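# Close look at the chain arrangement
Take a look at the letters that make up each chain.
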Protein chains: 2
Amino acid sequence: MTDLTKFVGGCESCPIQHRAVCARCDADELDRLESIKYYRSFEAGQTIIWSGDRMEFVGSIVSGIASLTQTMEDGRTQMVGLLLPSDFVGRPGRDAATYDVVATTDVVMCCFRRKPFETMMVETPHIAQRLLEMTLDELDAAREWMLVLGRKTAREKIASLLSILGRRDAALNLAGQDQEMVFDLPLTREAMADYLGLTLETVSRQISALKKDGVIVLEGKRHVTVPDFQRLLDEAGDDCDGGMMA
Amino acid sequence: MTDLTKFVGGCESCPIQHRAVCARCDADELDRLESIKYYRSFEAGQTIIWSGDRMEFVGSIVSGIASLTQTMEDGRTQMVGLLLPSDFVGRPGRDAATYDVVATTDVVMCCFRRKPFETMMVETPHIAQRLLEMTLDELDAAREWMLVLGRKTAREKIASLLSILGRRDAALNLAGQDQEMVFDLPLTREAMADYLGLTLETVSRQISALKKDGVIVLEGKRHVTVPDFQRLLDEAGDDCDGGMMA
DNA sequence: ACCTAGAATTGATCTGGGTCAAGGATACTG
DNA sequence: CAGTATCCTTGACCCAGATCAATTCTAGGT
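A brief structural summary. Every chain is numbered independently, its residues counted from 1 as its sequence is written. All chains are assigned letters beginning at A, and all ligands numbers beginning at 1, according to the order in which they are written. Only residues with pLDDT of 70 or above have their local features reported here, since the model is predicted, and side-chain atom pairs are shown and tallied only from 80 upward, although totals for entire chains, interfaces and linings are computed over all residues. Side-chain measures were taken over the full set of non-hydrogen atoms in the model, leaving aside hydrogen atoms and water.

## With respect to the protein's contact with DNA strand D
- When at least one non-hydrogen atom of a residue lies within 4 Å of a molecule or strand, that residue is treated as near it. Close to DNA strand D lie 18 residues; A:Ala154, A:Thr202, A:Arg205, B:Arg189 and B:Ser208 are nearest.
- Within 4 Å of the protein, atoms of DNA strand D come from sugar and phosphate in 63% of cases.
- The definition of a polar contact used here is a pair of N or O atoms within 3.5 Å, where within protein one atom must be able to donate a hydrogen and the other to accept one, and adjacent residues in sequence count solely through side-chain atom pairs. Separating a phosphate oxygen of DNA strand D from a side-chain N or O atom of B:Arg189 is a distance of 2.6 Å.
- Side-chain polar atom of B:Ser208 to a phosphate oxygen of DNA strand D: 2.8 Å apart, as the coordinates give it.
- When the residues that make up the surface near DNA strand D are grouped by side-chain class, the tally is three nonpolar, seven polar and eight charged. We call Asp, Glu, Lys and Arg charged. Ala, Val, Leu, Ile, Met, Phe, Trp, Tyr, Cys and Pro are nonpolar, and the rest, Gly among them, are polar.

Right under this line is the structure:
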């Protein structure tokens, strides 16, 4: 269980304060939020919310990675969202969850009791404004992903995922652009397959192929080095940028 | 060119007034909107907005169907959204369009000049609230579609699309649930293929197969009858509902 | 150091849907 | 009412990625 005491100090030391749903709130508003908020942690693999369950809270990912997943009766599953620190979980105004939310790594969440949060959303435009912004970004990311799922080859899909993960990591670490890019894969091969609409065998084969071709260098199974990021983008089939992940 | 005079009467006679982004506005707010609004019509096949272009306006689809489309350099295209009457076009706060918007049928739009609209959004929470609601719905639809693109077979994809189009039509015509469902396909085979991540040949083959198996009855190439909607849902692989389209 | 279990790789084979190609069906135009 | 353009269907063949089946890594745990 992750130690939560380091967070209870309050919002002024919160690592996601500038990007989360509360980013625009002033001191008063943060005070009100504080009264309906609590922290929870989840271990890797644990399901945070089951699809169909009543949602008691909404909230933000503080640290770790979670995934939104949809499953058909016969077991086929598709990941429909990757939730990173500062991303918002839950849908105000809806009683029941529509997707499974699963902790991919250990996760700490900042939760708000749902009903009071919804009330507050009506009264404080700062929250709704920020949530709209974040939701529009997520919609863009989802649409970017529809192109990946619908039209890209397996190799392009892997390259797309790696470029997103790498870009995200670079943004976090403030790394320079042209230098070598290094990061750890936060996903298992199976999770990547669920994200990409592939089988885990195909994921494995394509990663091996990218390694053989020198597009990436692997150290162990998870540690990735990208010697030439532009090369990776070319492999992803992205004309220019390759889209963002919220 | 569609006759626009029937709309200039104002918002009180607008067919989408209860579902569009202005749905929550009171009379004063509608007056303000009126001052920055104008109607435009587009013919089937015409591109309403080009990806990368500066966006001069945002707005609502009043009648007709448009599609959001993404294209790779080599020509592969993926439809990432289907815009129906009352759906919102454009992203406030963004200068350049990220997708092509193409009129699938003849389309009439209610446009707002972008800059004044953005100003108004900050000042009148009713607009932002409604837009948030609509964006969340679209995000759900996009995620539903990711499952279709990533994990469903060609036959399931076609059945999914038909069930969405049928459901939408039924909602519009207030038809009873258990009776026969009849509607016209608003999309060409190629547009369906672009939506489903398939080729037009596969779309044609699967439609023929569904016809042969009695899941649907075709009259001409566009007029569809669904004798048993539950059967269609089963073919779509949807456990219960099959998801909504904004 | 050994044991176990999940994660990953790699090979062999199969198949759903893509590709290429040849017509049909409508509908508009002159 | 032929001429032609668009949309659609159908057939033959092929290949990317799925499926089935072993191994091989790697990280804990004892």
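## Here's the deal with the environment of A:Gln230
- Note on placement: A:Gln230 falls in helix H7 (residues 229-236).
- Between the C-alpha atoms of A:Gln230 and A:Val215, which are 15 residues apart in sequence, the distance is 9.8 Å. Secondary structure follows DSSP: runs of H or I at least 4 residues long count as helices, runs of E at least 2 residues long count as strands, and numbering of each begins at the N terminus.

## A short note on the sheet that holds strand S8 (residues 107-113) of chain B
All names here are of chain B.
- When DSSP locates at least two bridges between a pair of strands, those strands are taken to pair. Taken together, the four strands give an open sheet; going across it, the order is S1-S8-S3-S6, and neighbouring strands pair in antiparallel fashion. The sheet terminates laterally at strand S1 (37-42) and strand S6 (88-89), the two strands that pair on one side only.
- Contacting strand S3 (57-63), S6 and S8, helix H2 (residues 114-123) runs over the sheet at an angle of about 70 degrees to S8. Whether two residues are in contact is decided by their heavy atoms: any pair within 4.5 Å suffices. Every axis corresponds to a line fitted to the C-alpha atoms, with the helix fit spanning only the stretch in contact, and the corresponding angles, defined between N-to-C directions, vary from 0 to 180 degrees.

## Structural notes on the side chain of A:Ser86
Residue and element names in this part refer to chain A.
- On the secondary structure map, Ser-86 appears in the loop between strand S5 (77-83) and strand S6 (88-89).
- Here the term buried applies to any residue with accessible area under 20% of the maximum for its type, exposed to any over 50%, and partly exposed to those in between, with areas from a 1.4 Å probe on protein chains only. Here Ser-86 falls in the buried class, since its relative accessible area comes to 4%.
- In this structure Ser-86 touches Ile-16, Arg-19, Ala-20, Ile-61 and Met-134, once residues within four positions along its chain are discounted.

## Section: the nonpolar core
- Judged by nonpolar contacts, the single largest core of 116 residues is most densely connected at A:Ile48 and B:Ile48.
- We call a set of buried residues a nonpolar core when its members are Ala, Val, Leu, Ile, Met, Phe, Trp, Tyr or Cys and they connect through side-chain atoms within 4.5 Å of each other. Core analysis: the second largest hydrophobic core is formed by 46 residues, A:Ile36, A:Val62, A:Phe112 and A:Met121 among them.

## Brief notes about the protein's contact with DNA strand C
- Residues in close proximity to DNA strand C total 17 residues, the closest being A:Arg189, A:Ser204, B:Ala154, B:Thr202 and B:Arg205.
- Counting only the atoms of DNA strand C that lie within 4 Å of the protein, the sugar and phosphate share comes to 63%.
- Here B:Thr199 contributes a side-chain N or O atom positioned 3.1 Å from a phosphate oxygen of DNA strand C.
- B:Glu201 places a side-chain nitrogen or oxygen 3.2 Å from a base nitrogen of DNA strand C.
- Of all the elements in the fold, those that place two or more residues in the surface near DNA strand C are helix H6 (200-212) of chain A together with helix H6 (200-212) of chain B.

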